Amino acid sequence: MQKLTNKEEEIMHILWKLKKAFVKEVMAEITEDQPHYNTLSTIIRNLEEKGYVNHNAFGNTHQYFPIVSIEDYRKGFMSTAIDNYFNSSYKNMVSFFAKEEKISAAELREILSMIETPKK
């Protein structure tokens, strides 16, 4: 999976939310730093070239839809982040969040319980 720019990722979140959308519908969802219509159209076409979205043509206009699920993107994103920032160690990642007080002891116990409970 190719890395996305911040703006591409923002657009993907909109497409995951809407499921399918025309450029004007994506534009309506952008609340801050709204790009020009042609710029947004180019970003979406770049997402298509990268293999994240596809489209259905309706005359001269295209309705875009994600072909990479948010779950698949999240797995790839997290794997890369853990590899690059935590030496491929989930323990290092959890430890980091604990030290930064971003995760509570109760949440850690819940995670431990999830790990120890056999899957059905």
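This report concerns the structure included in the present document. Throughout, residues of each chain are indexed from 1 in the direction in which the sequence is written. In keeping with the model being predicted, local features are shown solely for residues with a pLDDT of at least 70 and side-chain atom pairs are shown and tallied solely at 80 or more, while totals for entire chains, interfaces and linings include all residues. Note that water and hydrogens are dropped before the side-chain values are worked out from all heavy atoms of the structure.

**Topic: the sheet that holds strand E1 (residues 21-22)**
A pair of strands counts as paired when DSSP detects no fewer than two bridges linking them. Every helix listed is a DSSP run of H or I at least four residues long, and every strand listed is a run of E at least two residues long, numbered separately from the N terminus. Pairing is antiparallel across the open sheet formed by three strands, whose spatial order is E1-E3-E2. Two strands close off the open sheet at either side, each with one partner strand: E1 and strand E2 (53-58). The sheet contact formed by E2 and strand E3 (residues 61-66) spans six bridges and is antiparallel. Across the sheet, residue Val53 finds its bridge partner in E3, namely Pro66. Sitting on the sheet, helix H1 (residues 6-18) is in contact with E1, E2 and E3, with an inclination near 90° to E3. We call two residues contacting when some pair of their heavy atoms lies within 4.5 Å. To obtain an axis, a line is fitted to C-alpha atoms, over the contacting stretch when the element is a helix, and the angle between two such axes runs from 0 to 180 degrees between their N-to-C directions.

**Notes on the nonpolar core**
Across soluble globular proteins, nonpolar side chains show a tendency to be buried alongside one another. Counting residues in each nonpolar core, the largest one holds 20 residues, and the members touching the most others are Ile11 and Val26. Sequence-distant contacts of Val26, that is, excluding residues within four places in its chain, are made with Ile11, Ile14, Leu15, Ala21, Leu40 and Ile44. Throughout this description, the term nonpolar core refers to a set of buried Ala, Val, Leu, Ile, Met, Phe, Trp, Tyr and Cys residues connected via side-chain atoms within 4.5 Å. Buried residues are those whose accessible area, probed at 1.4 Å on protein chains only, stays under 20% of the maximum for their type, while exposed residues exceed 50% and partly exposed ones sit between those limits.

**Observations regarding the environment of His13**
Following the sequence through the fold, His13 ends up in helix H1. By relative accessible area, His13 is classed as partly exposed at 42%. Sequence separation between His13 and Phe77 is 64 residues, and the spatial gap between their C-alpha atoms is 14 Å.

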